[in-house]
Amino acid sequence: MNSFSLEGKVALVTGGAHSIGLGIGIGLAQAGATVCFNTSKPEHIATGEAAYRQAGVTAHGYCADVTDEQAVKEMISAIKKDVGSVDILVNNAGIIKRIPMCEMSVEEFEQVIDVDLVAPFICSKAVIPDMIEKGHGKIINICSMMSELGRETVSAYASAKGGLKMLTRNICSEFGGANIQCNGIGPGYIATSQTAPLRELQPDGSRHPFDRFIISKTPAGRWGDVSDLVGPAVFLASDASNFVNGQILYVDGGILAYIGKQP
Ligand code: GCO
């Protein structure tokens with residue numbers, strides 16, 4: 001039996017209609033999973049399903065605000081009725097607000113915490129009972145380099161992603177005995193719409209200073225691509241990782257290990 005196969009498994013990817021969530025969802029489907037994706041925007045159901053079809057796979061879209069526990073419970077029930085209970089949950093949905101801390105309102109801070117930390121708690125809580133009943137489960141939390149490091153303007157995001165690292169370890173601790181593995185993926189700097197502002201060309205056509213900074217700090221000498229995250233996600237979703245629990249797998253081109261190129 002191929003321990004990387006996801007045949008017969010149902011996967012749910014929150015925020016799975018675009019970007020990292022879409023890339024991971026396609027990868028899980030290509031590995032054999034029945035993939036469901038969540039989006040908070042009804043119009044993204046159709047565009048998301050079309051994107052999966054364009055990649056040669058099928059996925060089922062469900063609309064729910066992942067910060068709303070009742071909406072999440074209804075989504076999980078609908079998935080269970082349509083295709084079966086969730087075996088693999090990828091808590092990917094997330095937002096970022098880059099605002100200097102003393103200019104950030106409490107409401108803005110709480111909004112980031114709600115989406116990036118409370119929602120993974122809500123979604124995990126919704127799928128764990130069925131995982132316990134089935135005797136297995138995989139939860140993958142999309143953490144961040146900001147689970148380990150801070151930087152200016154991302155106080156809420158770093159607080160949420162740091163908390164998500166510890167939620168990952170706590171789910172491991174509380175449910176490892178039920179054969180549930182909960183791990184995180186910590187993307188480095190990946191070229192997505194979320195990081196596009198950090199890579200914008202300057203008016204004179206030169207690269208963004210932050211872009212140059214990240215290149216100098218990354219041994220790989222490049223930004224990551226969504227495709228770099230797919231293999232690690234399939235690994236953590238599969239039986240190949242059944243004795244891996246509570247770990248954050250950083251897919252970062254080596255940036256967290258590197259002091260940075262000498263000026
Ligand atoms: C930022 C970036 C990072 C990356 C990613 C790194 O503003 O520093 O958005 O947060 O998106 O989370 O792991």
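Residues numbered from 1 in each chain as written. Predicted model: local features only at pLDDT ≥ 70, side-chain atom pairs only at ≥ 80, totals over all residues. Heavy atoms only, no water.

A. Broad picture of helix 1 (residues 19-30). With 12 residues, helix 1 extends 17 Å from end C-alpha to end C-alpha; this agrees with the ideal 16 Å at 1.5 Å per step. Burial analysis of helix 1 places 10 of its 12 residues in the buried class, which makes it a mostly covered element. Among the residues of helix 1, those classed as buried are Ile20, Gly21, Leu22, Gly23, Ile24, Gly25, Ile26, Gly27, Leu28 and Ala29. Check the buried side of helix 1 and you find it contacts strand 1 (10-13), strand 2 (34-39), helix 2 (43-54), strand 4 (88-91), strand 5 (137-142) and helix 7 (230-237). Two residues or fewer past helix 1, Gly32 is found with a positive phi of approximately 110°. (Helix = DSSP H or I, 4+ residues; strand = E, 2+ residues; numbered from the N terminus. Expected span 1.5 Å × (residues − 1). Buried < 20%, exposed > 50% of the residue type's maximum accessible area, 1.4 Å probe, protein only. Contact = heavy atoms within 4.5 Å.)

B. Representation of the pattern of salt bridges within the structure. Enumeration according to the criterion identifies 8 salt bridges in this entry. Of the charged contacts in the structure, one is a salt bridge between Asp87 and Lys134, with a shortest N-O distance of 2.6 Å. Here the residue Asp87 occupies a position in the loop between helix 3 (69-82) and strand 4, and Lys134 occupies one in helix 4 (residues 106-134), the gap between them amounting to 47 residues. The closest approach of N and O atoms between Arg207 and Asp211, which form a salt bridge, is 3.1 Å. Under the relative-accessibility criterion, Asp211 is labelled buried at 5%. (Salt bridge = Lys/Arg side-chain N within 4 Å of Asp/Glu carboxyl O.)

C. Here's a closer look at the pairing of strand 5. Burial of strand 5 is extensive: 6 of the 6 residues sit out of reach of the surface. Going residue by residue along strand 5, you find Gly137, Ile139 and Asn141 tucked away on one face and Lys138, Ile140 and Ile142 tucked away on the opposite face as well. One ladder, built from 4 bridges, connects strand 4 with strand 5; its direction is parallel. Paired with Val90 across the two strands is Ile140, which belongs to strand 5. (Pairing = 2+ DSSP bridges.)

D. Structural view of the nonpolar core. Counting 31 residues, the largest nonpolar core has Leu28, Val35, Tyr52, Val90 and Ile185 as its most contacted members. For this core, the secondary structure elements donating two or more residues are strand 1, helix 1, strand 2, helix 2, strand 4, strand 5 and helix 7. The leading source of residues in this core is helix 1, at 6 residues. Apart from residues no more than four positions distant in its own chain, Ile185 is found in contact with Ile140, Asn141, Ile142, Cys143, Ser144, Leu229, Pro232, Ala233, Leu236, Ile248, Leu249 and Val251. In terms of nonpolar packing, the next biggest core, distinct from the first, is built from 30 residues, Val10, Leu89, Ile122 and Ile171 among them. (Core = buried A, V, L, I, M, F, W, Y, C linked by side-chain atoms within 4.5 Å.)

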